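Chains, contacts and geometry: an overview
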Amino acid sequence: MMKKILVTEDLVLYYRTSRGPVRAVDHVNLWVEDGSSLAVVGESGCGKSSMAYAILRILPRNVHSYSGKIIFDGVNLMDLTDEEMRSKIRWRKISMVFQGAMNTLNPVIKVGDQIIEPLLIHAGYKKEEALREAREAVKNVGLPEYVLDRYPHELSGGMKQRAVIAMALLMKPRLVILDEPTSALDVLTQANIMNLLKDLKERERLSYIFITHDLALASELADYVAVMYAGKIAEIGSAETIYKNPRHPYTQKLIGSVPTLRSEKVLEFIPGAPPDLVNPPEGCRFHLRCPFAKDICKRREPPLIKVDNDHVACWLYGGE
Amino acid sequence: MGMATFIAKRALILTLTLMFSVYMTVVIANFGGYVDKLLRDQITFDVTTALSRDPNFAKLSQEERQKLIEQRIEAKIRAAGLDKPFLERSLIQFTQALTLNLGRAAFLRSSSGSKAIADIIMERLPRTVLLFTLGTIMAAGIGIFLGLVQARKALSKFDRIMIVLEIFTYVQPAWFYGILFILIFAFYLRIFPSGGMVSIPAPTEPVAYFLDVLYHLALPLITWIFASFGYWAYTTRNIVLQTMEEDFVTAARAKGLPERIILWRYVLRPSSPPIITGVAFAIVFSWTGAIITETVFNWPGIGLLFWEAIAALDAPVIIGLTVILAYLIVLTVLALDIIYGILDPRLRVMR
Amino acid sequence: MGTPPPTGIKQILKEALKTKTGMAAVIILGMMILMSASIPFYSPVNFVKRWNDLKSWYEYPSLAAPVWVKWFTGTNLPETIDLTSKHFRVTEEEISGHYITTYTAYFRYTYDDYPSELKALIKTDIKGKPVRLNIIFIRPDGEEINLFNGLVSSGQTTFDISLDPKLQKNIARFVYEKTGTVPEVIRPEIILFSKSPSKYGNEAASSNVLRGRYIVKFQVLSDKKISAEPRFIVYGKVYGFAGTDLYRRDLWLGILWGAPVALAFGTVAAIATALLQVIIGAAGAWFGPKWDELVQRIADFFLIIPVLPILILISVIYKVTIWSLLGWVIVFSVVGVSSKIARSITFQIREEQYIEAAKTYGASKTRMLFYYVIPRIMPFTFALVALNVPTYIFLEASLSFLGLGDPELPTWGRILGDAYSAGALYQGYWWWVILPAFMIMLVSLGFTLLSYAFDKIVNPRLREE
């Protein structure tokens, strides 16, 4: 078994709202093995982005509660002070590519200056040295050097996305979190970026957390897949088993609803709507939409149950 | 679109708008010819009274007198261009106005007795600048500072109370506070004079004169600041807060940048173009003074001049003021387009 | 990740009511509406006409402070004492073919200050020759002063005791008889009510007020029997809830009337301009770049022209009424902040799927604009509309303040303008200024709070988490 670079235990992140706390991340347990990639899949609003923010401790003003353990490379990040998080972990160890790269670049600063900022601040580089590194980094993601001298709006969406990826890789972090890195791009650019990421993973021996709503894409790109539903992990396992042999009813439905070119299957859809995270249903959060719901599903939350090499949070696979 | 093309296009559009609004002002200020009639009456009156004082005139026969009067009136009307139809005259006034050939006032005079509109305006402008430009700058300074504090403490009790207070104080116009403040501070507390720019008689010694003006300036200045700081505070708060919620600020945090750098480079720099533009615009607008506020405080600036010109139906002065105003605004808009382009590279493409 | 902002109009109103600011706004504005609704009980139907007919207010004191000032100052300030014909006792004598009719009335004066003014009136229905009238004023200390002795003709005759030099001469004679000096300034309302003759004069101390039973006699001498209606008014220094103005008008009625006028003008102007601005802004963005360009140019135009000076100009020549002013205001606000909001939202909506879908099944563009787009935009303008109500109320007030508003309707701005031009600020007639000002501020506070409540619901940056 490989070493785990990141483990979360009972990770919780609730937001305060006028209607009560929103349970965006609700006792989440997951792990990323060193040098591998984990895809976190779920519908929009299921808490997958919140989970990424929770790992990096980038919290909005309205945090209700934030607790649990985040063990990164043997250290519990929860024990670090904010200043330690900022100067030791962010970008040096864990970097992130945000959803919608168009908005993650400061419009009034040149791309090059933004890319080298972490080098100047965290590593004490001189500007020329940092720019040399940056030139290298943009070349690595297949961009011409001149982008460094441009303002963000002067680049196309794909170029910006690559620049943001270059920025994320610049400090050679151990873990990169990619939040829907391609959802705003056209299909061709998407494919290019995907290949780039695969390629980089081989070359740089990176670990990834790859957040997406696209299960097919996830299984294509990641070694492991975690399926998230209403702030909780529904199922976590190797990409192949999850795609070919999904165990959780939600995962099954999710796969059933994805059109494929190869088979002539009838597309399924999931009845009902995702639950309200302020007032989630009691018991299993999926039971209202689950065709196999049993009595216990309505009463008790299922724990993660180990089935072969995978883990499933579903009463169909054991327990009482 | 390149920057040059963009500026050229804006300049062209603004010039056309300028021309259109100036012509409209010419028509409105003349009340569609009504003022011409007044001017003709005035000439008739002037000529008759001037001639009746002339001893030679009395010696003439009735017929000769009538003829002389008519000749003189006609000559004067022609000299003033009043013999032409209104459409033609409006076009003449329009071109004169556009070329900033402001001409002479119909009725008003400067305190030195000049009827040249440029003299009249130049006499009033420094006073308005003293009161309103100073007031606008101070109000913006106070407001922006407050707005930044509020943005940092967004949605705290302090912030929420300040928002309501700011909107509330801004909704009421300055003259409204003016009358209340005069009643309280000038009549009851007797801290400040109730109006005017200097005491009567004015002190002759320069230092005393300066202090006297300051003493008269205080209450209208406080009024103006009180009436407008809320706008700046609320706008700044919202702009800064909006920027704070941008993805690039979150990304900067994820990059582990220190808060100080995030605040300056990622929040304040992208927030500054709209705030700077707003302040610049307000400063230019402040040169037009405020009609009612100046009236209430009897502050002899541009606003009071506007009111005097309207009350006297002095069309050339009204047109002169509006044209200068329109020019100022157009030039500012254009200048701001350029400044904005420099401050915010996004706009070069967006527009 | 909050809950999405509500979009339905009903839903927004409901949510706005739930907040504290929303409640406060509803209470304030509800009070205003109640005030407006109470008008029929307070004032006659032809009130507007009466407000402008200054003669009809003669029985009211001029520049009287509100009654409640008494409670704060602790002095018992005089209220108006109006002796009408029914207060007068009539006695008749016949002496050698002449009739002497005497009308006698008394009143108790117990106040701590002098009256503000005195007036005697008589209405007679004699035909032909004038009759002789004698007005006698008897003080509690028994002093008798002959105020008037002369002829009056038919109809109503008014004696302005406080202003009439002829009557003042009679009073001066009284002072001369008492003290041996003639006062420089004769103020009958003080002399007649003053305790010690040595202190008669202008700056009489209020401690010197002579309290007690005063008698007023009207004697009519005529050669035949006549009937007359005498009246004697001792004007007070306080009146009603809001006092009176220089022209004796009851300010409370004016302030009351101002409420519906202000509310109607403000709301109609704010809603009409918002609707117009939204339609124009949305239409520009909806129908494509050419229309958008046109709307932008109109916006540029309105940026350059000075709207308030032009409105003032228009009011100077055309003498606007409140409704024509409303029209002009709307004309000058066809584009504005709401059209900007509408424009940016329309650009977003245009990209949405159901709009695409509606296009493919061939819905008409105009229909879609009015059925899908504009209803979606309106909630975002609520806060602005609420805030624009006081803005327009103040616009009207500004013009009225300059004396350019509606010549008939009493508005708060007009009352303030009257006060300003009568020098209320420099004479300290605070009630004439403070009370209408307070009303405008109250309305604008109400709408500010309402606007904030709306904004908090629609604008996520203000939502309380």
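Residues numbered from 1 in each chain as written. Chains lettered and ligands numbered in written order. Predicted model: local features only at pLDDT ≥ 70, side-chain atom pairs only at ≥ 80, totals over all residues. Heavy atoms only, no water.

Residues and elements named next belong to chain A. With respect to the element layout, Arg-57 can be found in the loop between α1 (48–56) and β4 (63–72). Under the relative-accessibility criterion, Arg-57 is labelled buried at 11%. From its side chain, Arg-57 meets the backbone oxygen of Leu-80 in a polar contact 2.9 Å long. The contacts of Arg-57, once residues within four sequence positions are left out, are Tyr-66, Leu-77, Met-78, Leu-80, Thr-81, Asp-82, Met-85 and Arg-90. (Helix = DSSP H or I, 4+ residues; strand = E, 2+ residues; numbered from the N terminus. Buried < 20%, exposed > 50% of the residue type's maximum accessible area, 1.4 Å probe, protein only. Polar contact = N/O pair within 3.5 Å; in protein donor to acceptor, adjacent residues only side chain to side chain. Contact = heavy atoms within 4.5 Å.)

Another aspect to go through is the interface of chain B and chain A. Interfaces are often described in size by the accessible area the parts lose on coming together. Counting residues at the interface gives 25 residues for chain B and 25 residues for chain A. When chain B packs against chain A, the two sides together hide about 2,300 Å² of surface, and 63% of this comes from carbon and sulfur. Remark: the boundary between chain B and chain A carries 2 salt bridges. Taking the shortest distance from any N to any O, the salt bridge between Lys255(B) and Glu117(A) comes out at 3.1 Å. Put simply, chain B and chain A have 10 residue pairs in polar contact (both at pLDDT 80 or more) between them. Of all the elements in the fold, those that place two or more residues in the side of chain B that touches chain A are α10 (247–254), α11 (259–286) and α15 (347–350) of chain B. Per-element tally for the side of chain B that touches chain A: the top contributor is α10(B), with 6 residues. Class assignment for the residues of the side of chain B that touches chain A results in 14 nonpolar, 2 polar and 9 charged. (Buried area = accessible area lost by both parts, 1.4 Å probe. Salt bridge = Lys/Arg side-chain N within 4 Å of Asp/Glu carboxyl O. Nonpolar A, V, L, I, M, F, W, Y, C, P; charged D, E, K, R; others polar.)

A word on the pattern of salt bridges. Residues and elements named next belong to chain A. Throughout the structure, instances matching the rule amount to 38 salt bridges over all chains. Glu-180 is paired through a salt bridge with Lys-48; the nearest N and O atoms lie 3.8 Å apart. Of this pair, Glu-180 sits in the loop between β7 (175–179) and α6 (187–204) while Lys-48 sits in helix α1, and the two are 132 residues apart along the sequence. Take Lys-48: its relative accessible area is 5%, and that puts it in the buried class. Through salt bridges with shared partners, one network takes in Lys-3, Asp-34, Asp-73 and Arg-174.

Here the focus is the environment of Val295(C). Residues and elements named next belong to chain C. Secondary-structure assignment places Val-295 in helix α8 (residues 289–304). Here the alpha-carbon distance between Val-295 and Pro-61, two residues 234 residues apart in the chain, equals 56 Å. Leaving out residues up to four positions away in the same chain, Val-295 has contacts with Ile-280, Gly-284 and Val-335.

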